[in-house]
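Architecture and fold: a report
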Amino acid sequence: MLEELEALNDEARAELVEVADSEALRTWELAYIGRNGQVTGMLRRVGDLPPAQRPAFGQRANEVKNALQAAYGEREQAIKAAELAERLAAGALDVSLPGRPVLTGGLHPTTRMLRRFYEIWADMGFQVYRSRDVEDDMHNFELLNFPPHHPARDMQDTFFTTEKDVILRTHTSPGQIRAMREYYPEPIRVILPGMCYRHEQITARSEVQFNQVEGLAVGRNIRMTDLKGTIAEFARRMYGSDRQVRFRASYFPFTEPSMEVDVSCILCDGAGCRVCKYTGWLEIAGSGMVHPNVLRNGGYDPAVYTGFAFGMGPERMIMQKHGIEDIRYFWGNDLRFLQQF
Ligand code: PHE
């Protein structure tokens, strides 16, 4: 039986050298030194021997088993190390590889321009008043002193709805009436930003929707010099202190007198270029003193109160600033356009 033990020992050692992974190692352990392994089995059979041979055999069998266990432990460590190295190599990262670019969204150019507006006008004491996009003829036209058959009421310009007397505002001016009726008899200094809608052919110059920023100041002593000074100050804050500002007589039903406001061209500084159509000036606003009828319609007695109003187009101003020639880019959602801002 001793020879059998030695042979088993040799066999086990020879096989252990061949064992290459944890699974094979486990199989080897079960076969030889596990609870039902062959070496363990021989130890149990010590009682089959004549008593005189038992101590020598037992001692040797224990030696063999302990030595195999130690060899097993070494092999186990080597295999684990090899397997770990293999896993690390397979999952290796090349940290010198350049990363994939991550696309980040950005604010729409109109949003950025509107925020600039809010900032400048807030500094000058104007708060934002949100008026509605959906209006009625009364606020959009009638209370703003539009004569009954004014061409702006024409089907060409206004989006009507299937609801009786529900239209989309064609400008932010109806908000003047709503602000006055809400604030009377307090003095007012507000801007009214928002989308306006016109039923027009979409071209490079005209969209069916666009933003306006209306301004309204009402009080007891507001004069045309206040309007001019306020708008000139806005233009300087928006475009720089070296801007020239000029006022041209114009007409709007809801202001009297009415003026259009130009700044010296921000691209050519007045010399004349494509963007200013070689005039040296860019139009930035319509404006005027609030018409007495409009003040009255807002609840303010025109014998006591006066006011000024203006309307600006942020998309138009962005086009001027960047020399953009087609207004359709604004709502086209073309990333090639949007990512440039
Ligand atoms: N509402 C006018 C427009 O749509 C602009 C404007 C506003 C003019 C306020 C004067 C005063 O063109």
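One can find the structure itself at the top, above this paragraph.
A brief report on the enclosed structure follows.

Cut-offs used in this document
Residues numbered from 1 in each chain as written. Predicted model: local features only at pLDDT ≥ 70, side-chain atom pairs only at ≥ 80, totals over all residues. Heavy atoms only, no water. Core = buried A, V, L, I, M, F, W, Y, C linked by side-chain atoms within 4.5 Å. Buried < 20%, exposed > 50% of the residue type's maximum accessible area, 1.4 Å probe, protein only. Helix = DSSP H or I, 4+ residues; strand = E, 2+ residues; numbered from the N terminus. Contact = heavy atoms within 4.5 Å. Pairing = 2+ DSSP bridges. Near = heavy atom within 4 Å. Polar contact = N/O pair within 3.5 Å; in protein donor to acceptor, adjacent residues only side chain to side chain. Areas by Shrake-Rupley, 256 points an atom, 1.4 Å probe, with all protein chains shown as cover. Axes fitted to C-alpha atoms, helices over the stretch in contact; angles between N-to-C directions. Salt bridge = Lys/Arg side-chain N within 4 Å of Asp/Glu carboxyl O.

Formed by 40 residues in total, the largest nonpolar core has its most connected members in Phe-117, Trp-121, Phe-234, Met-238, Phe-308, Met-312 and Met-317. Among the elements of the structure, helix H5 (109-123), strand S5 (209-219), helix H8 (224-239), strand S7 (255-264), strand S8 (281-290), strand S9 (306-312), helix H10 (314-322) and helix H11 (335-338) are those that each provide at least two residues to this core. The biggest single contributor to this core is H8, with 6 residues. If near-sequence neighbours (up to four positions away) are discounted, Met-238 is found in contact with Met-113, Arg-116, Phe-117, Ile-120 and Met-317.

Turning our eyes to something else, we now look at the pairing of strand S4 (residues 188-197). Among the 10 residues in S4, 9 count as buried, and that is most of the element. For strand S1 (residues 127-128) and S4, the ladder comprises 2 bridges, and the chain directions are parallel. Among the inter-strand pairings, Val-128 is bridged to a residue of S4, identified as Ile-191. Judged from the 10 bridges that link them, S4 and S5 form a sheet pairing that is antiparallel. Within S5, the residue paired with Tyr-197 across the bridge is Gln-209.

It is worth spelling out the site of the ligand at this point. Around the ligand sit 14 residues, and of these His-171, Ser-173, Arg-198, Gln-212 and Glu-214 come closest. Here a nitrogen atom of the ligand sits 2.9 Å away from a polar atom, N or O, in the side chain of Ser-173. Side-chain polar atom of Gln-212 to an oxygen atom of the ligand: 2.9 Å apart, as the coordinates give it. Protein chains shield 89% of the accessible area of the ligand, which is 330 Å² for the free molecule.

Strand order in the open sheet made by the 7 strands is S1-S4-S5-S9-S8-S7-S6, with mixed pairing throughout. Two strands lie at the open edges of the sheet, namely S1 and strand S6 (245-252), each paired on one side alone. Of the strands in this sheet, S1, S4, S5, S8 and S9 touch helix H7 (residues 174-183), which is tilted by about 145° from S4.

Right, let's talk about the pattern of salt bridges for a bit. The full count for this structure, using the stated rule, is 20 salt bridges. Linking Glu-233 and Arg-236 is a salt bridge whose minimum nitrogen-to-oxygen distance equals 3.6 Å. In this pair, Glu-233 and Arg-236 both sit in helix H8, 3 residues apart, roughly one turn of the helix. Take Glu-233: its relative accessible area is 26%, and that puts it in the partly exposed class. Given the relative accessible area of 32%, Arg-236 is considered partly exposed. As a salt-bridge pair, Arg-328 and Asp-326 come within 2.8 Å of each other at their nearest N and O atoms. The network of salt bridges with common partners includes Arg-246, Arg-248, Glu-260, Asp-262 and Glu-283.

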